[in-house]
Amino acid sequence: MIEILNATQLAAARETGAIVGDTLAELRERATVGVNLLEIDAWARKLILAAGAESCYVDYAPSFGNGPFGHYICTAVNDAVLHGLPHDYMLRSGDLLTLDLAVIKNGIAADAAVSFLVGPARPAGSVELIRATEDALAAAIDVARPGNRIGDISHAIGSVLTAAGYAVNTEFGGHGIGSTMHGDPHVPNIGRPGRGFRLRPGLLLALEPWVMADTDALVTDPDGWTLRSATGGRTAHSEHTVAITDGAAEILTLPR
């Protein structure tokens, strides 16, 4: 079911989105060389609870995972790209880390992700990989306007990613969000313009371009959750929750 939020629900979405944005910004500052992924998960828990929100991940048990997830944030390093299960790993200079966070408060969820390099090292191709997902996200948000369709968003994302030389995986993409973290409509990261659901004010979408350096094929870790590049190449993932308005989309998951 596709949810269209009313004014009260949109106000709640703004609060939830701000919590996500603030939490990711603080965790990004703390994620330095020598920090353990399990420390990041513990910090996420404290920040979420202090904000009066609840994690969307702890009890999450979809068909594609070995659930429940049991942690408060996804932490994907280097060749890991999605659903990264926090584990005993200490960050090193040059690691490409993705933090993906979803919480719910007052009945409305928000979801966002950020990729960045830890420490001063800049391994070849990493900055370009991150920038491609950020540029694709910006292009998607630019066309997320009433009257346009889901296919216009997918086309905008795919055009940026393929122009940058990356193959696009269609197994996982963006999604509707509202009273639950994952809802309709599905938003593929490549597609044809003018197709799919027509965007309406009150619709919330989590838009999430992600790529792998030299493949579109995924493999799953023995943990049953973490998805990695099949070639071991680096990956990146950028995501915001946005609200369709009467004009330009409103980005809900920016830090305050």
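Quick note: structure is the one above.
From a predicted model like this one, the values you see are computed outputs, not experimental measurements.

Caption draft 1: The pairing of strand β7 (residues 183–187), seen in detail. Here three bridges tie strand β6 (residues 174–176) to β7, and the two strands are oriented antiparallel to one another. Across the sheet, Gly174 pairs through a bridge with Val187, a residue of β7. Between the antiparallel neighbours β6 and β7 lie six residues.

Caption draft 2: The sheet that holds strand β14 (residues 250–251), seen in detail. Here we have five strands laid out as an open sheet, ordered β7-β6-β8-β13-β14, and antiparallel in their pairing. If you trace the sheet from one side to the other, it starts and ends with β7 and β14, each paired once. Inspection of the sheet shows strand β8 (residues 204–207) paired to strand β13 (residues 240–243) by four bridges, in the antiparallel sense. Of the residues in β13, the one forming a bridge with Leu204 is Ala243.

Caption draft 3: Quick look at the nonpolar core. Grouped together as the largest cluster of nonpolar side chains are 27 residues, with contacts concentrated most on Leu27, Ile40, Ile73, Leu91, Leu97 and Leu99. For this core, the elements supplying multiple residues, two or more each, are α1 (7–30), α2 (37–50), β4 (96–105) and β5 (108–117). Ranked by the residues each element gives to this core, the list is headed by α2, at six residues. In this view, Leu91 contacts Ala31, Thr32, Val33, Gly34, Val35, Leu37, Ile40, Val77, Leu97 and Val118; residues no more than four positions away in its chain are not counted. Core analysis: the second largest hydrophobic core is formed by 26 residues, Leu129, Tyr166, Leu199 and Ala249 among them.

Caption draft 4: Local environment of the packing of α1 against α2. Between α1 and α2, the least distance of the axes is 10 Å, while the angle of their chain directions is 150 degrees. Accordingly, the angle class assigned to the pair α1 and α2 is roughly antiparallel. Where α1 crosses over α2, the two elements pack in a sense that is right-handed. Seen from α1, the contacting residues are Thr23, Glu26, Leu27 and Arg30; seen from α2, they are Ile40, Trp43, Ala44 and Leu47. For the contact of α1 with α2, the class distribution of residues is five nonpolar, one polar and two charged.

Each value, and the rule that gives it
Residues take numbers from 1 onward in each chain, read along the sequence in its written order. Only residues with pLDDT of at least 70 get local features here, since the model is predicted, and only at 80 or more are side-chain atom pairs given and counted; chain-wide, interface and lining totals rely on the full set of residues. As a rule here, side-chain values cover all heavy atoms of the structure and leave hydrogens and water aside. DSSP-based pairing: two strands are paired if at least 2 bridges between them are found. Working definition: helices are DSSP H or I runs of at least four residues, strands are E runs of at least two. Numbering for both runs from the N terminus. What makes a nonpolar core is a set of buried Ala, Val, Leu, Ile, Met, Phe, Trp, Tyr and Cys residues whose side-chain atoms join them at distances within 4.5 Å. Throughout this description, buried means an accessible area under 20% of the type-specific maximum (1.4 Å probe, protein chains only), exposed means over 50%, and partly exposed covers the range between. Any two residues whose heavy atoms approach within 4.5 Å at even a single point are treated as in contact. Helix axes are fitted only over the stretch in contact, all axes being lines through C-alpha atoms; the angle between N-to-C directions runs from 0 to 180 degrees. Here roughly perpendicular refers to angles of 65 to 115 degrees, roughly parallel to angles under 35, roughly antiparallel to angles over 145, and oblique to all remaining angles. Should the near helix be turned anticlockwise from the far one by less than a right angle, the crossing is termed left-handed; should it be turned clockwise, right-handed. Residue type decides the class: Asp, Glu, Lys and Arg count as charged, Ala, Val, Leu, Ile, Met, Phe, Trp, Tyr, Cys and Pro as nonpolar, and the leftover types, Gly among them, as polar.

By themselves, these observations are geometric and do not establish any function.
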